Amino acid sequence: MWKPDRNSKKALFEQIADNLEQRISYGEFPPGSLLPSERKLAEQLGVNRSTVILAFAELRAMGIIESRTGSGTRVSSSKWGATPRHTPNWSRYSEGGSFLPNPPFMRRIREALTQHPSLIDFASGELAAELAPSAEIAALMREQQYTGYLGYDNPQGYTPLRQSLVTYLGKYRGIQTTESSILITSGSQQSLFLITQCLLAPGDAVAIEDPSYCYSLPMFQSAGLRLFRLPVDRQGIQPGDIRTLFKKHRIKMVFLNPNFQNPTGTLLGSEERKQLLDVASELGLPLVEDDPFSLTAYEGAPPLPLKAIDPVGSTLYIGSFSKIAASGLRVGWMVAPNAIVKRLADARQQMDFGLSVIPQQIASEFLKSSYFEPHLERLHTQLLYRRDLLIEALEKELPDLVQYSVPQGGLHLWCKLVPEVHDGKLLEETIKKGAVFVPGSVYGSDAGYVRFTFARPKAEEIGPGIAMFAEALRELMG
Ligand SMILES: Cc1ncc(COP(=O)(O)O)c(C=O)c1O
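Residues numbered from 1 in each chain as written. Predicted model: local features only at pLDDT ≥ 70, side-chain atom pairs only at ≥ 80, totals over all residues. Heavy atoms only, no water.

What to know about the nonpolar core
One finds W333, L394 and F452 to be the most contacted residues of the largest nonpolar core, which totals 77 residues. No other element matches helix α15 (residues 372-397), which puts nine residues into this core. Taken domain by domain, this core gets at least three of its residues from each of domain 2 (104-129 + 374-477) and domain 3 (146-370). Of all hydrophobic cores here, the second largest spans 27 residues; its members include L200, I208, L225 and L316. (Core = buried A, V, L, I, M, F, W, Y, C linked by side-chain atoms within 4.5 Å. Buried < 20%, exposed > 50% of the residue type's maximum accessible area, 1.4 Å probe, protein only. Helix = DSSP H or I, 4+ residues; strand = E, 2+ residues; numbered from the N terminus. Domains from an automatic or database assignment.)

Spelled out as structure tokens, the structure:
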């Protein structure tokens, strides 16, 4: 008697559904005949009844069997008739395509936040509603209503926004550029996507920081890239490591987040920046500089970006509106050599014909407006205040149980836990208590690290949220 294979990668219910489908098509169960009951089949196959229920649901969705209350489950008569009607097997389709699913912890966090919106959210890497310039944006939308053409726009991006960005990048980031070197994207995320899909090929080797935001994105694996690690310490990465990776693996590109790195908060040293550019120009290696956090610097400006001091043009620079204003507007940008901008704009034409002009117009007006600088000043004060509330809470609730460096910008605090606990259990216990965070392993680090986003919860939730985390940690420590 056939039994499902418990060591197979295929789920038990799928194996059972396949087996039943085969037996039906071989005539063991003719059209209209009664199938064994769920309980009996579960006994025969040595599985739970719920597994058989799932297998039946799969066959029912395909139109192969029909169930009627009180009269059991039968092989459909219509399926085998002259005009069979089949439902597509959607669950199989949903496993197709080249996109890998998000890491299980990220899916779990999203599910927990959807089911329990009152959870204190140290997980979502974005600004709280109170920190976003919502009133200013609403005022601009009233004052500067969009009256332009609403047809397909230039896939490279709305020209007035690219012009505003030329001024913004020169003023705030020391980057001298022109509108023809700017591509507008749907957040930095799309810049990363376009680079991995259009400029690299499956099998190419790339270097990313360890830990890194990039590890939380299966995007790199979906593109078939081979990832090599550049360990991040207090000064950021060691530029010399790039030379070693190049010799060993012929890496084709390096992805970096030099300012208030996600998740560690590290600021790459000025000396390291120069060395990095030297290594890149020596090897002819492109650097992708992902810079969404630099304008959050709580006091004073961070060092100039690589792009601003890059003498030979090794850098593709990525920026975003998300971490300094509003992630929901989905406005990001890339500054790149013209050939790259053209290539990626052409891909945009195939993908989505470019970003909607409305959020681009809003972003452009906001950057030019008298609201922008006061907003940034308020943001710095608020982020600093929340960072200090988080540190105060950690010192109160978990003295000697956590180690961290104090970030000078960005939205996150990276924490090493002194006690060894299972990170999945810690996440579940913390959710039960009413808060949520991101386990460090999502960013490629070893277990035992935690990322707390202090920008997302309300200020008054930070203390109680850390008390919940501390309670969960203490319970697991026994
Ligand atoms: C380092 C880094 N890059 C890129 C992104 C993507 O941001 P967005 O697409 O909203 O600009 C994030 C978001 O958390 C990030 O932390």
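Concerning unusual backbone geometry
In this structure, P211 follows D210 across a cis peptide bond, with omega equal to 0 degrees. Along the polypeptide, P211 turns up in the loop between β5 (205-210) and α9 (219-222).

Some thoughts on the site of the ligand
Surrounding the ligand, one finds 13 residues, the nearest of these being N262, D290, S320, S322 and K323. Contact between the ligand and D290: a nitrogen atom at 2.5 Å from a side-chain N or O atom of the residue. Here K323 contributes a side-chain N or O atom positioned 2.6 Å from an oxygen atom of the ligand. Notes on the ligand: free accessible area 400 Å², of which the protein chains cover 93%. Here the residues of the shell around the ligand are counted per class, giving three nonpolar, seven polar and three charged. (Near = heavy atom within 4 Å. Polar contact = N/O pair within 3.5 Å; in protein donor to acceptor, adjacent residues only side chain to side chain. Areas by Shrake-Rupley, 256 points an atom, 1.4 Å probe, with all protein chains shown as cover. Nonpolar A, V, L, I, M, F, W, Y, C, P; charged D, E, K, R; others polar.)

Thoughts on the environment of P286
Topologically, P286 is positioned in the loop between α11 (270-283) and β8 (287-290). A residue is classified by how much of its surface remains accessible, and P286, at 27% relative accessible area, is partly exposed. With residues near it in sequence (within four places) discarded, P286 still touches K252, M253, V254 and S314. (Contact = heavy atoms within 4.5 Å.)

Thoughts on the packing of aromatic side chains
Evaluated as defined, the whole model comprises 16 aromatic pairs. Three or more aromatic residues joined by ring pairs make a cluster, and in this case those are Y168, Y172, F321, W333, F366 and F372. (Phe/Tyr/Trp six-rings, centres within 6.5 Å; stacked < 30°, edge-to-face > 60°.)

Quick look at helix α13 (residues 338-351)
Look at α13: 20 Å from first C-alpha to last across 14 residues, which is about the 20 Å you get at 1.5 Å a residue. Considered for burial, the residues of α13 that qualify are V341, L344, A345, A347 and R348. Buried residues along α13 cover an arc of 160 degrees about the axis, so they all sit on one side. Those residues of α13 that are exposed and aimed more than 90 degrees away from the buried face are A339, K342 and Q350. On its buried face, α13 sits against β4 (182-185), α8 (187-199) and β10 (332-335). Looking one or two places after α13, you find F353, whose phi comes out positive at around 60 degrees. (Expected span 1.5 Å × (residues − 1). Arc of directions from axis to C-beta.)

With respect to the pairing of strand β1 (residues 65-68)
Each regular strand carries side chains that alternate between the two faces of the sheet. When β1 meets strand β2 (residues 72-75), the two strands line up antiparallel, connected through four bridges. Each residue of the ladder has a partner; that of I65, found in β2, is V75. Linking β1 back to β2 in an antiparallel pair, the connection comprises three residues, with G70 at a positive phi of about 90 degrees. (Pairing = 2+ DSSP bridges.)

Some details on the packing of α15 against helix α17 (residues 459-477)
Between α15 and α17, the least distance of the axes is 9 Å, while the angle of their chain directions is 30 degrees. Accordingly, the angle class assigned to the pair α15 and α17 is roughly parallel. Once α15 is placed against α17, the crossing between them reads as right-handed. Each of Y385, R386, L389, L390, A393, L394 and E397 in α15 lies in contact with α17, whose residues at this interface are A459, I462, G463, I466, A467, A470 and R474. Taken together, the residues of the contact of α15 with α17 break down into ten nonpolar, one polar and three charged. (Axes fitted to C-alpha atoms, helices over the stretch in contact; angles between N-to-C directions. Parallel < 35°, antiparallel > 145°, perpendicular 65-115°, else oblique. Left-handed = near helix turned anticlockwise from the far one by under 90°.)

Quick notes on the domain arrangement of the protein chain
Splitting the protein chain by domain gives domain 1 (12-93), domain 2 (104-129 + 374-477) and domain 3 (146-370). Averaged C-alpha coordinates put domain 1 and domain 2 at centres separated by 46 Å.

Remarks on the pattern of salt bridges
Applying the stated rule across the entire model yields 21 salt bridges. Here R387 ties to D388 by a salt bridge, and the two come within 3.0 Å at their closest N and O atoms. Each of R108, E111 and E428 takes part in one network of salt bridges that share partners. (Salt bridge = Lys/Arg side-chain N within 4 Å of Asp/Glu carboxyl O.)

Observations regarding the sheet that holds strand β11 (residues 402-404)
Ordered by their spatial adjacency, four strands build an open sheet running β11-β12-β15-β14, and the pairing between neighbours is antiparallel. Looking at strand neighbours, the two that pair on one side only are β11 and β14 (438-439), the edges of this open sheet.

Here's the deal with the pairing of strand β7 (residues 253-256)
Judged by which residues are buried, β7 turns out to be covered on both faces: M253 and F255 on one side and V254 and L256 on the other are all buried. Bridging between β7 and β8 involves three bridges; their strand directions are parallel. Looking across to β8, one finds that V254 is bridged to L287. The parallel pair β7 and β8, bridged by α11, forms a crossover whose chirality is right-handed. (Right-handed = clockwise from strand over helix to strand, strands pointing away.)

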